[in-house]
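# Breakdown of the fold
Single-letter residue listing:
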Amino acid sequence: MRLTEDTVRDALRQVDEPHFALDVVTLGLVRTVSISRGRVAVTIGEPLEDWPRRDELVSRITDAVGAADGVKGVEVTVETMDDDDRASLRQSLIGDPEATAGSQQAHGHAEGRSIPFAEPGSTTRVLLIASGKGGVGKSSITTNLAIALADRGHRTAVVDADVWGFSIPRMLGVGQPPVVVDSMLIPPESYGVRSISMGYFAPDDQAVIWRGPMLHKALEQFLTDVYWGEPDYLLVDLPPGTGDISISLAGFMPRSEVFIVTTPQPAAQRVAARAAAMADKVNLEVRGVIENMSWFTGDDGQRYEIFGAGGGAHLADRLDVPLVGQVPLVPDLREGGDMGTPIVATQPDSDAAQAFVAMAELIDVDLAPTKRYHSELKIV
């Protein structure tokens, strides 16, 4: 078979850029292809001079092109995009940053950008992880559940919507902020999970003192200025209670599924019921209850129900939803959150990790939506 430029470009269509999860041809990163006596030279453009994972992309290109019939060698040259190229890339992925974010039509020069997860053709399942009060381990649940879903082969992302009490970056062990390309944010990835959080923009010791309109705008930007691709799951770590953020997210993504996190004691589950009541008022469906700190297993092998028993099951029965899972109280789970070494990733055979694995399977299989959304179907 004769080696042609079309042959090389077909091979390059199998190469995904690591940050965008789209192939380099579709992204428009391939600038030139030349062939001389079986040796192929490929020039690609990358958004920034210090673009992360550049070596990984070059390796992918070399392997893919090198596997084509008739190729005797591959040389990859990387050039840095100019401002116009970056603007064109951003425009193709998320639209105009000068447009009004949100799902409503804007006025004047701003046409408005829709929230991708609210589009009729979106296949992303949005899981809102909620609690009635703080201190029940909601962020830890979100982190480990996200990793468990990613381990099932799903593209998974997390929005840390707890703007005041952000903790997802630390729990995921993320050491770098998002990459910025012409006002478009590329979220960092850790343990197979992409994430965005106020923690990437504010120091740990800085208080975020914002009221409703600023919170609303920040959440819009998390959903529209970030390039998410098309994740299978988007988990949203809500702040405790029933305030502005929860109400805004209900409007942004009306097909979201709510999971309530509680601990076993009656006082906690009564407060958690208020989060479920909020979901009902804004027309969101509660899909299940997750009970955290269910028991502690001592050195003697006995289970000790330090915070009582039955709160999660009682709340699930009251709401007529399943008890998705019970997570034991173990020091390693807490330490993993503090150190950025989530227990699902670092101790996958532990009882706590297996609880998350079982929850991920139940959500993915037993609680899969019966209504299917197809990205190829558009409303025009």
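Scroll up for the structure.
The paragraphs below set out a description of the structure included in this document. Keep in mind the model is a prediction, meaning the values are calculated, not measured. Every chain's residues receive numbers from 1 upward, in the order its sequence appears when written. At least 70 in pLDDT is required for a residue's local features to be given in this predicted model, at least 80 for side-chain atom pairs to be given and counted, and no such filter applies to totals for whole chains, interfaces and linings, which use all residues. For side-chain calculations, the full set of non-hydrogen atoms in the structure is used, while hydrogens and water are omitted.

## With respect to the pairing of strand 14 (residues 285-292)
Counting buried positions along strand 14 gives 7 out of 8 residues, so the element sits mostly inside the fold. Pairing between two strands is assigned when DSSP locates at least 2 bridges connecting them. Helix and strand definitions here come from DSSP, where helices need a minimum of 4 consecutive H or I residues and strands a minimum of 2 consecutive E residues; each element is numbered from the N-terminal end. Pairing geometry for strand 13 (residues 257-262) and strand 14, over 6 bridges, is parallel. Counterpart to glutamate 257 in the pairing with strand 14 is glutamate 285. Handedness of the crossover joining strand 13 and strand 14 through helix 8 (residues 266-281) is recorded here as right-handed. By the bridge criterion, 4 bridges tie strand 14 to strand 17 (residues 323-327) in an arrangement that is parallel. What sits directly across from glutamate 291, in strand 17, is glutamine 326. Partly exposed describes any residue whose relative accessible area lies between the buried limit of under 20% and the exposed limit of over 50%, with all areas from a 1.4 Å probe on protein chains only and scaled to the type maximum. Classification remark: right-handed applies to a crossover when, strands pointing away from the viewer, the course from the first strand over the helix to the second runs clockwise.

## Remarks on a nonpolar patch on the surface
On the surface, a cluster of nonpolar side chains totalling about 280 Å² of accessible area is made up of Tyr304, Ile306 and Phe307. With respect to the helices, strands and loops of the structure, isoleucine 306 is situated in the loop between strand 16 (303-304) and helix 9 (311-319). Grouping into patches uses exposed residues only, defined as over 30% relative accessible area, and leaves out salt-bridged ones; the cut-off is 9 Å for like charges and 5 Å for nonpolar side chains (Val, Leu, Ile, Met, Phe, Trp, Tyr). All accessible areas in this document rest on Shrake-Rupley with a 1.4 Å probe, and a residue is counted as covered only by the protein chains that are shown. Whenever a carboxyl oxygen of Asp or Glu lies within 4 Å of a side-chain nitrogen of Lys or Arg, that contact is scored as a salt bridge.

## Let's talk about unusual backbone geometry
Backbone geometry places arginine 37, a non-glycine residue, at a positive phi of 55°. One can find arginine 37 in the loop between strand 3 (30-36) and strand 4 (39-46). The exposed category is assigned to arginine 37, whose relative accessible area is 80%. Of note, the phi angle at aspartate 320 is positive, near 60°, even though the residue is not glycine. As for its position among the elements, aspartate 320 is in the loop between helix 9 and strand 17. Overall, the relative accessible area of 70% leaves aspartate 320 in the exposed class.

## Some remarks on the pattern of salt bridges
Applying the stated criterion to the full structure yields 18 salt bridges. Linking arginine 9 and glutamate 5 is a salt bridge whose minimum nitrogen-to-oxygen distance equals 2.9 Å. Here the residue arginine 9 and the residue glutamate 5 both occupy positions in helix 1 (residues 5-12), the gap between them amounting to 4 residues, near one helical turn. Owing to a relative accessible area of 19%, arginine 9 belongs among the buried residues under this scheme. Note on glutamate 5: relative accessible area 36%, which makes it partly exposed.

## Observations regarding the packing of helix 4 (residues 138-151) against helix 12 (residues 351-366)
Axis definition: a line fitted to C-alpha atoms, over the contacting stretch in the case of helices. Angles run 0 to 180 degrees between N-to-C directions. Helix 12 packs onto helix 4 with a crossing angle of 70° between their chain directions and a minimal axis gap of 9 Å. Classified by the angle their axes make, helix 4 and helix 12 are roughly perpendicular. Of the two possible hands of crossing, helix 4 and helix 12 adopt the one that is right-handed. Contacts from Ser140, Ile141, Asn144, Leu145, Ala148 and Leu149 in helix 4 reach Phe356, Val357, Met359, Ala360, Ile363 and Asp364 in helix 12. Angle categories are assigned with fixed cut-offs, so that under 35 degrees is roughly parallel, over 145 is roughly antiparallel, 65 to 115 is roughly perpendicular, and the rest are oblique. Less than a right angle of anticlockwise turn of the near helix away from the far helix marks a crossing as left-handed, whereas a clockwise turn marks it as right-handed. For this analysis, residues touch if any pair of their heavy atoms sits within 4.5 Å.

## Regarding the sheet that holds strand 5 (residues 73-80)
Whenever strands of a sheet pair, they do so through backbone hydrogen bonds, lying parallel or antiparallel. Strands sit in the order 3-4-5 across an open sheet of 3 strands; the sheet is mixed. Looking at the sheet topology across the chains shown, the edges are occupied by strand 3 and strand 5. Along the sheet, successive strands turn relative to each other by an average axial angle of 15°, direction set aside. Sheet topology note: the strand 4/strand 5 ladder contains 8 bridges and is parallel. Opposite arginine 39, over in strand 5, you have glycine 73 as the bridge partner.

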